[in-house]
Amino acid sequence: MTVLGIAYPKTQELLTANRDWVLTHDKSGQLAGALWQEADERHSTRALCREEAAYFYCFYGQAFSKQDNTEINESDLREIALKGPALLTAKFWGAYLFVCFDKAAKKFICCCDPSNQWPVYWSWSERHGLLFSDTITCLHQALTAAGERPGWNTSFFTTWLRTGSVQSGEMPFERISELPAGCAIFYTHGGKPEMLPVWDPLMRSAYGPLAQNPYDILKNYLSLHVSDDDRPVLELSGGLESSSVLLALRALAPTTQRLSCAHYYNSKIGSSNELEHARRVAHSTGAHLNEIDNPVLSFAPITQIPRVAKPHLRYCLLAFHQHFANSLDERENSMLISGHGGDALFLAPPPFGVLADAMLTLRWRQLFRMAMDLALIRRTPLAQIMWHATQSLFSPNPAKGLKSTGLLSDAAQLEPLDGWSHLHPFIQQTKVRLPGKLYQLFLAYLSLDDVRTPAYPFKSGTHYPFLCQPMVEFALSVPSYRHFEGAHNRILLRKSVSAATHYPHLWRRNKGETSGINLLGIRQHKDHVMAHCLEGYLAKEGYIDPIRTRTAIQESSKGRNGYFMNLMQVYAAELFIQGWQ
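Residues numbered from 1 in each chain as written. Predicted model: local features only at pLDDT ≥ 70, side-chain atom pairs only at ≥ 80, totals over all residues. Heavy atoms only, no water.

Caption draft 1: The arrangement of the side chain of Thr 159 in detail. If you trace the backbone, Thr 159 turns up in helix 4 (residues 154-163). Assessed through its relative accessible area of 8%, Thr 159 is described here as buried. Excluding its chain neighbours within four sequence positions, the residues that come into contact with Thr 159 are Gly 164, Val 166, Leu 417 and His 422. (Helix = DSSP H or I, 4+ residues; strand = E, 2+ residues; numbered from the N terminus. Buried < 20%, exposed > 50% of the residue type's maximum accessible area, 1.4 Å probe, protein only. Contact = heavy atoms within 4.5 Å.)

Caption draft 2: A look at unusual backbone geometry. With a phi angle near 45°, Tyr 8 is a residue other than glycine that sits in the positive phi range. Mapped onto the secondary structure, Tyr 8 falls in the loop between strand 1 (2-7) and strand 2 (22-25).

Caption draft 3: A look at the state of the cysteines. In this structure the tally under the stated criterion is one disulfide. In this model Cys 49 forms its disulfide with Cys 58; the gap between the sulfur atoms is 2.3 Å. What sets the handedness of the Cys 49 and Cys 58 disulfide is the S-S torsion sign, and at about 120° it is right-handed. On the basis of relative accessibility, which here comes to 2%, the residue Cys 58 falls in the buried class. Cys 112 takes part in no disulfide bond, and the closest cysteine sulfur, belonging to Cys 111, lies 6.8 Å away. (Disulfide = S-S within 2.5 Å.)

Caption draft 4: The arrangement of the sheet that holds strand 12 (residues 194-197) in detail. In spatial order, the strands read 4-5-6-7-11-12; together these six strands make up an open sheet with antiparallel pairing. The open sheet has two edge strands, strand 4 (47-51) and strand 12, and neither has a second partner. Adjacent strand axes in the sheet meet at a mean angle of 20°, parallel and antiparallel pairs treated alike. Note that strand 6 (residues 92-102) and strand 7 (residues 107-112) share six bridges and pair antiparallel. Each bridged residue has a counterpart across the sheet, and for Val 99 the counterpart in strand 7 is Cys 110. Running at roughly 65° to strand 6, helix 5 (residues 214-225) makes contact with strand 5 (55-65) and strand 6 of the sheet. (Pairing = 2+ DSSP bridges. Axes fitted to C-alpha atoms, helices over the stretch in contact; angles between N-to-C directions.)

Caption draft 5: Up close: the pairing of strand 14 (residues 260-265). Of all six residues making up strand 14, five are buried, and the element is well covered by its neighbours. When strand 13 (residues 233-235) meets strand 14, the two strands line up parallel, connected through two bridges. Bridge assignment links Leu 234 to a residue of strand 14, and that residue is Cys 261. One crossover worth recording links strand 13 to the parallel strand 14 by way of helix 6 (residues 240-252), and it is right-handed. Note that strand 14 and strand 15 (residues 288-293) share six bridges and pair parallel. (Right-handed = clockwise from strand over helix to strand, strands pointing away.)

Caption draft 6: Structural detail: the pattern of salt bridges. For the structure shown, the criterion picks out 22 salt bridges. Asp 545 is the partner of Arg 548 in a salt bridge, and the nearest nitrogen-oxygen pair spans 3.9 Å. The exposure class of Arg 548 is partly exposed, given its relative accessible area of 29%. The partner of Lys 558 in a salt bridge is Glu 555, with the nearest N and O atoms 3.9 Å apart. We classify Lys 558 as exposed; its relative accessible area is 54%. The exposure class assigned to Glu 555 is partly exposed, which follows from its relative accessible area of 23%. Counted as one network, the salt bridges with shared partners bring together Arg 50, Glu 52, Glu 74 and Arg 78. (Salt bridge = Lys/Arg side-chain N within 4 Å of Asp/Glu carboxyl O.)

This is the structure in structure tokens:
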């Protein structure tokens, strides 16, 4: 579904285009809003629209009750229109877009699901009013057609190059913003739009979730959203998250149903090859495993660059994913299922803030045991663990450790950067200052941001069961120091799936290593990376220092990883800009 809307349009210019607009008026007879929609392959075309004396609202997509999985209905939407979108995020979960015009109060409200599967992009101007769409290209084209083609937002690129993440709603385009996960736009005629959080991910809903543990939440999501008719294929690494998804799929599907999985690896690079683990879990569940020996490394050139809303580090893997898609059976190249997000939710936060959380919540008796467990898991001396924990006590800002990239030009480094400004609005406003919990929340929003990146060339999108709203709420409701035990991290997920399936492979601790294979990609495509990073928009506009960037590429091609993340940020931003040019 592609949706384009205008709240209280200032002129009729945009309404004269070749679109079949649905109009609504407030009680004074003034045009309150216009909506246009067109079916596409991304989402279900299901839409509930209703015009009443006091309200006009439209609901696109699907939402289910947290208590009994019943689907949202017109009576529910009428109550939400009356009480506000916070009720929607509290009682229901799913993938949806909700638009409401309050005719009496001359107020417009728009929100999308907290799982971030249905995006909203919006723009406000004195000339046209508030424009919004769930497709960035649609909104960009509408503004361009109106003579207001958005320019590049220099503030965004400076922040992106420093942090690698912008969760605040700021976009690379001037005058265009995105609606962060769990937020809503409130716009009253005569004023200016306001963007506020309407979802508290740290609070378990008073309406009570149907599933109470990670494995049951996985099964609940898969039973409602994944159909065998879509010919889905699971990305199976053989790790904890993807194995858990496969075990949940097997529990739901008839024994005769064929489950399809795919594992990609590079047979020439042993450090990242986990094929034996993927084979083991696939064999135990009777799933068919596509074994794809993918010789394409990161940073490989690609001819067709997709247009997306903002840069993402996955841009470095576009050619890799193209080869992966072409290697699958064409019937299965439609819908992916990914275990991405589970590590962000269930890993003990890396800055050792979990110990700071335990101190601040007076868990003194368990503190030494927690420190010993972390030292074992991280293979780090106990004294260093305690030192990091003490540092966390005095720096609750989850982005405190972020520093300006060494590739920035001297002029760009002088630009001021508030350590909280690029974070999600909920993090900026919450009164919680537990370092471990804040970092866990930061990683959750970072993973939710990944949902909106393209699954190129899989046009039907990707299922992320670990990033559905009930799973995020469950993981974040648990104290940060309860996510590890003994020698094992992600303990809540391991125990939940293990108790239900008795599958022993969930307890392995050896993991593949990917930094070497990515650095090899820079070495193999050194000239290509040089051309993109040194001759692109960022270099020409003075964002990066070309001498330092050249040195970083040369050092990375020799296997040194000190600048690797910085290069990924520059490369991803350049490909993003090229896609729009």
